[in-house]
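Next come the chains, spelled out residue by residue.
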Amino acid sequence: MASTDETGQTARHASQAGTTPPTGPPADAAVAGPGARMPRWLPRAMVLALALIAAFQLGSWAFHQLTGLLINVLIAFFLALAIEPAVSWMAGRGMRRGFATFLVFLGVLIAAAGFVTLLGSMLAGQIVKMVEDFPDYLDSVINWVNGHFHTELRRVDIQEGLLRSDWLRNYVQNSATGVLDVSAQVLGGLFQLLTVVLFSFYFAADGPRLRRGLCSILPPARQAEVLRAWEIAVDKTGGYLYSRGLMALISGIAHYILLEILEVPYAPALAVWVGLVSQFIPTIGTYLAGALPMLIAFTVNPWYALWVLIFVVVYQQFENYVLQPKLTSKTVDIHPAVAFGSVIAGTALLGAVGALIAIPAVATLQAFLGAYVKRYDVTDDPRVHGRRDRRAVSGTSTRLRKLWARRQEQGRRPEGEGSEGPGDRGTSS
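Reference entry: report on the structure contained in this document.

The rules behind the values
Residues numbered from 1 in each chain as written. Predicted model: local features only at pLDDT ≥ 70, side-chain atom pairs only at ≥ 80, totals over all residues. Heavy atoms only, no water. Helix = DSSP H or I, 4+ residues; strand = E, 2+ residues; numbered from the N terminus. Buried < 20%, exposed > 50% of the residue type's maximum accessible area, 1.4 Å probe, protein only. Contact = heavy atoms within 4.5 Å. Areas by Shrake-Rupley, 256 points an atom, 1.4 Å probe, with all protein chains shown as cover. Phe/Tyr/Trp six-rings, centres within 6.5 Å; stacked < 30°, edge-to-face > 60°. 1 Å grid on protein atoms, 1.4 Å probe; cavity = no way out; pocket = protein on both sides within 12 Å on 5 of 7 lines; lining within 4 Å. Points joined across faces, edges and corners; volume = space filled by probe spheres on them. Nonpolar A, V, L, I, M, F, W, Y, C, P; charged D, E, K, R; others polar. Core = buried A, V, L, I, M, F, W, Y, C linked by side-chain atoms within 4.5 Å. Arc of directions from axis to C-beta. Expected span 1.5 Å × (residues − 1). Bend = angle between axes of the 7 residues up to and from the residue. Lys, Arg positive; Asp, Glu negative; His and termini not counted. Salt bridge = Lys/Arg side-chain N within 4 Å of Asp/Glu carboxyl O.

### Some thoughts on the overall build of the protein
Thought 1: Scanning the protein from terminus to terminus reveals 17 helices and zero strands.
Thought 2: Burial analysis of the protein (429 residues in total) assigns 23% to the buried set.
Thought 3: For the protein, long-range pairs separated by at least 24 residues make up 65% of all intrachain contacts whose partners lie at least 6 apart in sequence.
Thought 4: Carbon together with sulfur atoms contributes 66% to the accessible area of the protein, which is approximately 30900 Å² in total.

What follows is the structure in structure tokens.
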């Protein structure tokens, strides 16, 4: 009661003095005491922040641990898209989809095994031949050096110095210690290959089931967009690989004819090598593929290597400007600069895998986004076609000539003469 009376008296005194009584809490209540409690929302916010940080760290760790698996799944997905047209064609004629997928994979496996066998036999034969002919090569080099520099080198001295060198001893030791690392890498590569094959088989065999499962969690409008995007991806990826395969066949036949004319050994295997490497390694694949035939042709005759180089360069121009536009105009219709940039970006992101799948991925994205871009009719202006309007150019040049002639005429007039203005005419009259 006493506090109430004091408050009332304070209010009355304040009203008599014409001032407003204080309305806030007391001054001592504004300062939190030692026994004050924290807000109820603060512990929950702290727990939520810690949970989000922990979830982010766990997700980042899991993503880095599963990067290899995700890349293998991505490769398998694009491989399944590539063989989807062949599997669907066989399934549409009454064959079970799983068996059709098995037949396609069996054909790819037989072709790959035959190519590796031919290439391995070729390389083994060439290595044996080079080892057998190495003394003759060494003698010819020694004779050339002795004849031009007046030295007295002998093959026996060079061989003994090479066998007793520290470089050879260190190389042998490092090779012996790296056998286990090479074996581990080979086993890891085989495991990754098996993973890619299994996932691609499941994606191709259960493609309709996968699409139904994905569409079941989407509204009808989104389902149509997903199915259309999937169809575009199948068309672009399959068309890209099939067009590349056809160009690899043409390239292989052309190089086989050249190598047979030059009588270079292992011409069929070399032709297959050039065809596949030149088409499935973008941009620089042709020159990488031509290095091996040049090396083997050099062992037959050095001038043959020059002929192979000239043929590789000429055929590359023919392929870029004549063959490739006709074969890929309906499958992967993207600008060469965009293709080159996509290959660089894919290599930076995923290495060799990114370089391989960059072009079909960009072609799919371009075709999908093209349906949502509104296009207009282009005006019939010569500048659009890379030409300039001759009439506009001639009119501009005529005006410039008249202006230059007028300036020269004004410069030739005597001093004091000039065009009379209205005031001058009035004064003279």
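### A short note on the packing of aromatic side chains
Thought 1: Following the criterion strictly, the structure yields nine aromatic pairs and no others.
Thought 2: Residues Phe-311 and Tyr-315 carry aromatic rings whose centres are separated by 6.2 Å and whose planes lie at 15° to one another, so their mutual orientation is stacked. Highlighted residues: Phe-311 and Tyr-315, both in helix H13 (residues 302-328), separated by four residues, approximately one helical turn.
Thought 3: Using a relative accessible area of 24% as the deciding quantity, one classes Phe-311 as partly exposed.

### Examining empty space enclosed by the protein
Thought 1: Enumeration over the complete set of coordinates arrives at one cavity of 30 Å³ or more.
Thought 2: What lines the largest cavity is Phe-77, Ala-80, Leu-81, Glu-84, Phe-203, Leu-210, Arg-211 and Trp-230.
Thought 3: At the level of secondary structure, the elements contributing two or more residues to the lining of the largest cavity comprise helix H4 (67-91) and helix H9 (207-215).
Thought 4: Top contributing element to the lining of the largest cavity by residue count: H4, with four residues.
Thought 5: Taken together, the residues that form the lining of the largest cavity break down as six nonpolar, no polar and two charged.

### Structural notes on the nonpolar core
Thought 1: The biggest cluster of nonpolar side chains holds 13 residues, and the ones touching the most others in it are Leu-259, Leu-262, Val-264, Leu-270, Leu-292, Ile-296 and Val-308.
Thought 2: When contributions to this core are tallied by element, the ones reaching two or more residues are helix H5 (97-149), helix H10 (220-261), helix H11 (267-280), helix H12 (285-300) and H13.
Thought 3: The element best represented in this core is H12, accounting for three residues.
Thought 4: When near neighbours in sequence (up to four residues on either side) are disregarded, Leu-259 contacts Val-264, Ala-267, Leu-270, Ala-271, Pro-293 and Val-308.
Thought 5: If you look at the next biggest cluster of nonpolar residues, it comprises eleven residues, including Met-90, Phe-105, Val-196 and Phe-203.

### Topic: the layout of surface pockets
Thought 1: Reported here for the largest pocket is a volume of approximately 1600 Å³.
Thought 2: If you list the elements that add at least two residues to the lining of the largest pocket, you get H4, H5, helix H8 (179-205), H10, H11 and helix H15 (352-370).
Thought 3: Per-element tally for the lining of the largest pocket: the top contributor is H5, with eight residues.

### Quick notes on H9
The periodicity of an α-helix, 3.6 residues per turn, causes residues three or four places apart in sequence to face the same way.
Thought 1: Within the span of H9, buried status applies to Gly-207, Arg-211 and Cys-215. Seen end-on, H9 carries its buried residues on one side only, within an arc spanning 65°. Exposed side chains of H9 directed beyond 90 degrees from the buried face belong to Arg-209 and Arg-212.

### Quick notes on H4
Thought 1: The end-to-end C-alpha separation of H4 is 34 Å, in line with the 36 Å expected for 25 residues at 1.5 Å each.
Thought 2: Bending of H4 peaks at approximately 45° at the position of Ile-83, with proline Pro-85 no more than four residues after it.
Thought 3: The complete set of buried residues in H4 reads Asn-72, Ala-76, Phe-78, Ala-80, Leu-81, Ala-82, Ile-83, Glu-84, Val-87 and Met-90.

### A closer look at the side chain of Glu-319
Thought 1: Counting through the fold element by element, Glu-319 comes out in helix H13.
Thought 2: One buried charge, Glu-319, has no salt-bridge partner; the nearest side chain with opposite charge is Arg-244, at 5.0 Å.
Thought 3: Beyond its immediate sequence surroundings of up to four residues, Glu-319 is in contact with Met-247, Ser-251, Gln-279, Thr-286, Gln-324 and Pro-325.

### As for unusual backbone geometry
Peptide bonds are trans in most cases, and residues, glycine excluded, mostly fall at negative phi.
Thought 1: Located in the positive-phi region is Glu-263, a residue other than glycine, with phi close to 60°.
Thought 2: If you trace the backbone, Glu-263 turns up in the loop between H10 and H11.
Thought 3: Under the relative-accessibility criterion, Glu-263 is labelled exposed at 66%.

### Structural notes on the pattern of salt bridges
Thought 1: Evaluation of the coordinates by the stated rule reveals three salt bridges.
Thought 2: Between Arg-211 and Glu-84 there is a salt bridge, with the nearest N and O atoms lying 3.6 Å from each other. Remark: Glu-84 occurs in helix H4 and Arg-211 occurs in helix H9; sequence separation between them is 127 residues. Like Arg-211, the residue Glu-84 is buried in the burial classification.
Thought 3: Linking Glu-225 and Arg-222 is a salt bridge whose minimum nitrogen-to-oxygen distance equals 3.3 Å. Taken as a pair, Glu-225 and Arg-222 lie in helix H10 at a separation of three residues, close to a single helical turn.
Thought 4: A relative accessible area of 28% places Glu-225 in the partly exposed class.
Thought 5: Three or more residues joined by partner-sharing salt bridges are found here, namely Glu-84, Arg-97 and Arg-211.

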